[in-house]
Every structure is written in C-alpha cells, then in structure tokens.
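Report on the structure
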Amino acid sequence: MERFRLVPEVYLLLMDERGILLLRRYRTGWEDGNYSVVAGHVDGNEPARLAMVREAREEAGIDIRPDALLLRHVMHRRSDRESVGFFFVCRAWSGEPVNREPHKCDDLRWFPTGALPANTVPYVRQAITCALAGRPYSEFGW
C-alpha cells in the first residue's frame, strides 16, 4: 500500500512600510485574476526556507537570507489534493521586487495589510490574517 503524501508549499509574506507584496496570477490555469503572494512548492532534498529563498529570487528577483525568514503560520489545506503551507514573514531582503515571471503574473505591487484586494485568493487571505494576528496554525477547505 502506498503511503499518503502531503504536498509541501512555501509562501512569502514580504512586508515593509508599504504593506505586503502581492501578485496577480495570470494564465496559470489556477486562481487566474486573483492576488496571492510569492509562493511555490518545496523540491525534494530542499529545506522549506531554502525553497522560499529560491522562489523569491525566481518570481520577484530579490535575495533573502534564510535566517531572515520567520515562520509565522502553517496551514493544512484541502483542494484537489492535500497540502501543507509554510507562511514566512520577511522584512529584510536585497533588491527591489520585480515581476520576473510575466507569463504567470500580470501585476506585482504593495497593498496595505488591512486593505487586501477583494480578489485575494481566499486561503491566502486567511493565512495573512492569521499570521498578522499571531495565530500559528489553521485549516482550509475541510
């Protein structure tokens, strides 16, 4: 019998005085037209923080030290599969965020944390709210 598997995901809550950085998904086939954060899957043989560093560089062109990532929320989520998401807050990085994946993202900008766009991906909105409130764990889609 094959063992059950969860898909590990990483999410970047990049924040400064401008708010939180969000990107609008475009032509991906999943949640297109809705805002999310820099995110991705953990590859095999890759710790979650290093996966987040990699995704930040690939999607937003910024460099982050792994020790600058603070785990603020974990979400067990169910959609067409089960996954566990690690939501990292980061307030220190090198470079100015730019859209490095225009074939997957058609807007990248800062939003006040208290005024997220109405079309924010629902589970991402929940995780941001929980992280800001100091709630370390939540579930979504059950």
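Residues numbered from 1 in each chain as written. Predicted model: local features only at pLDDT ≥ 70, side-chain atom pairs only at ≥ 80, totals over all residues. Heavy atoms only, no water.

**Concerning the overall build of the protein chain**
- Helices and strands together make up the secondary structure of the protein chain, namely 2 helices and 8 strands.
- Its helices and strands taken in sequence order, the protein chain reads β-β-β-β-α-β-β-β-α-β from the N to the C terminus.
- Looking at the protein chain as a whole, 45% of its 142 residues qualify as buried.
- Surface accessibility of the protein chain: about 7,800 Å² in total, with carbon and sulfur atoms responsible for 51%.
- Looking at charge distribution, the protein chain has the averaged site of its 20 positive side-chain charges lying 3 Å from that of its 20 negative ones. (Helix = DSSP H or I, 4+ residues; strand = E, 2+ residues; numbered from the N terminus. Buried < 20%, exposed > 50% of the residue type's maximum accessible area, 1.4 Å probe, protein only. Areas by Shrake-Rupley, 256 points an atom, 1.4 Å probe, with all protein chains shown as cover. Lys, Arg positive; Asp, Glu negative; His and termini not counted. Charge placed at Lys NZ, Arg CZ, Asp CG, Glu CD.)

**With respect to unusual backbone geometry**
- For Glu 31, which is not a glycine, the phi torsion comes out positive at approximately 55 degrees.
- For Glu 31, a relative accessible area of 28% gives the class partly exposed.

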